[in-house]
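A structural walkthrough
Spelled out from the first residue to the last, the chains are:
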Amino acid sequence: MKITLIKPNMGLKKGQDYQDLGSMQPYALAILAGLIPSDVEVKLYDDRLDRIDYDEKTDLVAITVETFTAKRAYTIAGNFRKRAVPVVMGGFHASLIPNEVKEHADSVVIGEAEPVFGKVIDDLKRNALKPFYYSGFKCELLGYRPDRRIFRGKKYLPITLTHFSRGCPYSCSYCPDAVLYQGGIRFRPVEDVVDDIESQDKDLIFFVDNNITYNRTKLEKLLRAVRGLGIKWISQADINVAKDEKILKLMAKSGCIGLVIGFETLSEASLRQMQKFPNIPLLYRYDELVRRIHDYGISVWAAFLLGYDYDTKDTIEATLEFAIKHKFFFSAFNQLIPYHGTPIYSFLKAQQRLLFDRWWIDTDYKFGQTSFMPKNMSPEELTDGCLQARLRFNSYTNIFRRATNVNANFRNLHRIAMFLKYTYLFKKEIKNKQNMILR
Ligand code: B12
Ligand code: SF4
């Protein structure tokens with residue numbers, strides 16, 4: 001028996017397949033591969049790097065679907081189903097809007113693969129696949145091991161993705177994770193994480209946790225365990241971590257070189273509307289807290305989300321100035337994207353402010369476009385404001401300014417190389433991705 005795993009590409013630019021300048025390993029598919037019995041052959045097609053051979057013999061196609069790759073996933077699924085190969089889909093989008101996804105798949109897994117993928121394979125063997133498998137986002141994170149052999153021979157960035165925790169206790173109104181995890185957060189045993197890291201030959205680890213710093217006691221255990229492994233790592237955190245100097249020190253000692261932090265907006269009213277509660281009390285301390293993180297040698301990858309009802313063009317400008325002032329390693333100036341199933345999607349729909357019912361499958365929608373009617377700007381002004389912020393943050397003058405952050409971005413040769421490499425990739429990607437058509 002053979003199972004083919006697929007990570008779809010996102011889009012087309014000027015009629016050509018869009019190519020990421022650097023793709024990361026599709027971690028979810030390594031988890032799936034680790035759940036497949038050893039007597040079953042496994043093959044990965046990463047549509048961002050490979051050309052899929054639809055005629056190659058296989059017994060099941062398993063596709064991971066995010067909202068931005070849904071359209072392409074449906075096309076790929078259609079090509080296999082035409083050849084009578086059954087298709088199962090899972091992932092964020094499949095769990096957010098399973099009925100839409102079911103129209104393009106034989107089976108849809110709603111939730112995490114671990115509790116149900118074995119059952120899917122058993123049912124396949126009996127020729128009795130079910131239309132839906134429900135597992136939710138609450139399974140215990142025990143004893144499984146991602147199988148990354150599927151990535152061999154493919155040109156990915158030299159980063160290993162793994163995680164310590166899954167979930168998030170907050171409920172920001174734009175966030176698909178909040179909808180799926182429903183406020184839960186679970187942790188892997190530290191030994192499993194160490195094992196997973198030690199089985200890799202890469203020395204840069206990306207913990208894809210939503211917020212690795214949420215539970216400091218558990219984090220401390222992890223930090224002490226990974227300190228001796230000689231790795232460098234990055235992860236996602238909230239700004240509250242900067243209040244705790246002891247943990248910052250431990251993080252730096254254990255190899256932490258960067259944190260993705262969601263600042264979102266400098267408008268307190270917008271933060272309230274987002275229900276971004278961990279940020280609100282610290283909004284007026286952002287300057288001091290960012291400096292402290294940098295003082296510990298940790299770079300900040302800032303994430304902003306613009307276009308909520310109290311944001312104006314001035315908010316975008318102030319956000320850009322804030323990002324330049326703090327010489328962030330990287331900044332994402334994202335406009336609000338209403339994902340199906342989130343409270344903000346329902347809110348905008350009820351107010352008849354969605355410009356597309358389902359932007360992700362609408363042929364008129366382009367990547368980077370605003371898909372709703374903002375309150376204090378036109379959609380075009382929001383689109384252009386975010387694009388200009390990305391371009392200006394990555395102008396040569398501002399790259400030079402950010403390079404003078406010698407505490408973090410230019411701390412040593414390794415960091416300098418990393419800063420230059422990733423800044424080059426990000427700068428190129430801005431224009432590459434903007435206005436791309438989803439396939
Ligand atoms: C790492 C990451 C990235 C990396 C790339 C990762 C990669 N391998 O290419 C970077 C930083 C480049 C990135 C980019 C983007 N990302 Co991103 N990213 C993440 C992040 C932080 C972790 C993803 C991950 O590995 N999770 C761990 C895996 C194991 O979890 P999982 O995918 O849910 O998989 C489990 C289940 O869903 C299920 N499952 C998944 N697939 C399948 C398939 C089958 C068949 C089955 C049975 C089950 C199953 O089982 C898995 C194991 O339990 C998530 C947020 C998060 N914390 O998860 C956002 C997230 C996935 N990204 C998101 C977005 C929007 C993007 C961008 C579009 C952002 C942008 N505007 O450019 C781009 C798109 C890139 C692309 N080319 O596709 C959104 C997707 C939302 C959605 N509704 O689809 C997320 C959820 C963030 C968010 N909260 O908004 N991202
Ligand atoms: S803190 Fe981050 S992961 Fe958690 S709900 Fe808010 S946006 Fe989502």
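Everything below is about the structure shown above.
Because the structure is predicted, anything quoted here is derived from the model rather than measured. (Residues numbered from 1 in each chain as written. Chains lettered and ligands numbered in written order. Predicted model: local features only at pLDDT ≥ 70, side-chain atom pairs only at ≥ 80, totals over all residues. Heavy atoms only, no water.)

**A closer look at the sheet that holds strand S12 (residues 204-207)**
Across a sheet, paired strands are connected by hydrogen bonds in the backbone, their directions being either parallel or antiparallel. Stated formally: Strands are treated as partners if at least two bridges between them are detected by DSSP. What counts as a helix is a DSSP run of H or I of at least four residues, what counts as a strand is a run of E of at least two, and both are numbered from the N terminus. Helix axes are fitted only over the stretch in contact, all axes being lines through C-alpha atoms; the angle between N-to-C directions runs from 0 to 180 degrees.
One open sheet accounts for six strands, arranged S9-S12-S13-S14-S15-S16; its pairing is parallel. In this open sheet, the two edge strands, each paired with only one partner strand, are strand S9 (160-162) and strand S16 (330-335). Across this sheet, the average inter-strand angle for adjacent strands is 20°, counted without regard to direction. Looking at chain direction, S9 and S12 are connected through three bridges and run parallel. Within S12, the residue paired with Thr-162 across the bridge is Phe-207.

**Remarks on the packing of helix H8 (residues 216-226) against helix H9 (residues 245-253)**
Which entries qualify depends on this criterion: For classification purposes, angles smaller than 35 degrees are called roughly parallel, those larger than 145 roughly antiparallel, those between 65 and 115 roughly perpendicular, and all remaining angles oblique. Two helices cross in a left-handed way if the nearer one is turned anticlockwise from the farther one by less than a right angle. They cross in a right-handed way if the turn is clockwise. Every residue pair with non-hydrogen atoms within 4.5 Å of one another is taken to be in contact. Charged residues are taken to be Asp, Glu, Lys and Arg, nonpolar residues to be Ala, Val, Leu, Ile, Met, Phe, Trp, Tyr, Cys and Pro, and polar residues to be all remaining types, Gly included.
Following both chains from N to C, one finds H8 and H9 inclined at 25°, their axes separated by 9 Å at the closest point. The orientation of H8 with respect to H9, classified from their angle, is roughly parallel. Crossing hand, H8 versus H9: left-handed. Contact with H8, carried on its side by Arg-216, Leu-219, Glu-220, Leu-223 and Arg-224, involves Lys-246, Ile-247, Leu-250 and Met-251 of H9 and no other residues of that element. Looking at the contact of H8 with H9, its residues break down into five nonpolar, no polar and four charged.

**Concerning the site of ligand 1**
In plain terms, the rule: One heavy atom suffices: a residue is near a molecule or strand as soon as one of its heavy atoms comes within 4 Å of it. Distance and chemistry together define a polar contact, namely a pair of N or O atoms within 3.5 Å, with one atom able to donate a hydrogen and the other to accept it when in protein, and with adjacent residues in sequence counting only for side-chain atoms on both sides. What fixes the domain bounds is an automatic or database domain assignment.
Lining the immediate environment of ligand 1, one finds 38 residues, of which Gln-25, Thr-64, Thr-67, Glu-114 and Asp-177 sit closest. Within the contact set of ligand 1, a nitrogen atom lies 2.8 Å away from a backbone nitrogen or oxygen of Gln-25. Residue Thr-67 places a main-chain N or O atom 2.8 Å away from an oxygen atom belonging to ligand 1. If you list the elements that add at least two residues to the shell around ligand 1, you get helix H1 (27-34), strand S5 (60-64), strand S6 (87-90), helix H3 (92-96), strand S7 (107-111) and helix H6 (176-181). With four residues, H1 is the single largest residue contributor to the shell around ligand 1. For the shell around ligand 1, the class distribution of residues is 22 nonpolar, eight polar and eight charged. Taken domain by domain, the makeup of the shell around ligand 1 includes at least three residues from each of domain 1 (2-136) and domain 2 (158-438).

**Let's talk about the nonpolar core**
The following threshold applies: Among the buried residues, those of types Ala, Val, Leu, Ile, Met, Phe, Trp, Tyr and Cys that are joined through side-chain atoms within 4.5 Å form a nonpolar core. Each residue's exposure class comes from its accessible area (1.4 Å probe, protein chains only) as a fraction of the maximum for that residue type: buried when under 20%, exposed when over 50%, partly exposed otherwise.
By size, the foremost hydrophobic cluster in this structure holds 97 residues, and its most contacted members are Ile-63, Met-251, Phe-263 and Phe-328. With six residues, helix H2 (residues 70-82) is the single largest residue contributor to this core.

**Remarks on the pattern of salt bridges**
Note that side chains of opposite charge can pair when their charged atoms are close. The line we're drawing: By definition here, a salt bridge exists when the distance from a side-chain nitrogen of Lys or Arg to a carboxyl oxygen of Asp or Glu is within 4 Å.
What the rule picks out here adds up to 35 salt bridges. Between Glu-41 and Lys-2 there is a salt bridge; the shortest N-O distance is 4.0 Å. With Glu-41 in strand S4 (residues 41-46) and Lys-2 in strand S1 (residues 2-7), this residue pair connects regions lying 39 residues apart in the sequence. Ionic pairing is found between Arg-224 and Glu-220, a salt bridge with its closest N-O pair at 2.9 Å. Note that Arg-224 and Glu-220 are positioned in helix H8 at a spacing of four residues, about one turn of the helix. Arg-224 gets classed as partly exposed once you look at its relative accessible area, which sits at 43%. The network of salt bridges with common partners includes Lys-2, Glu-41, Lys-43 and Glu-56.

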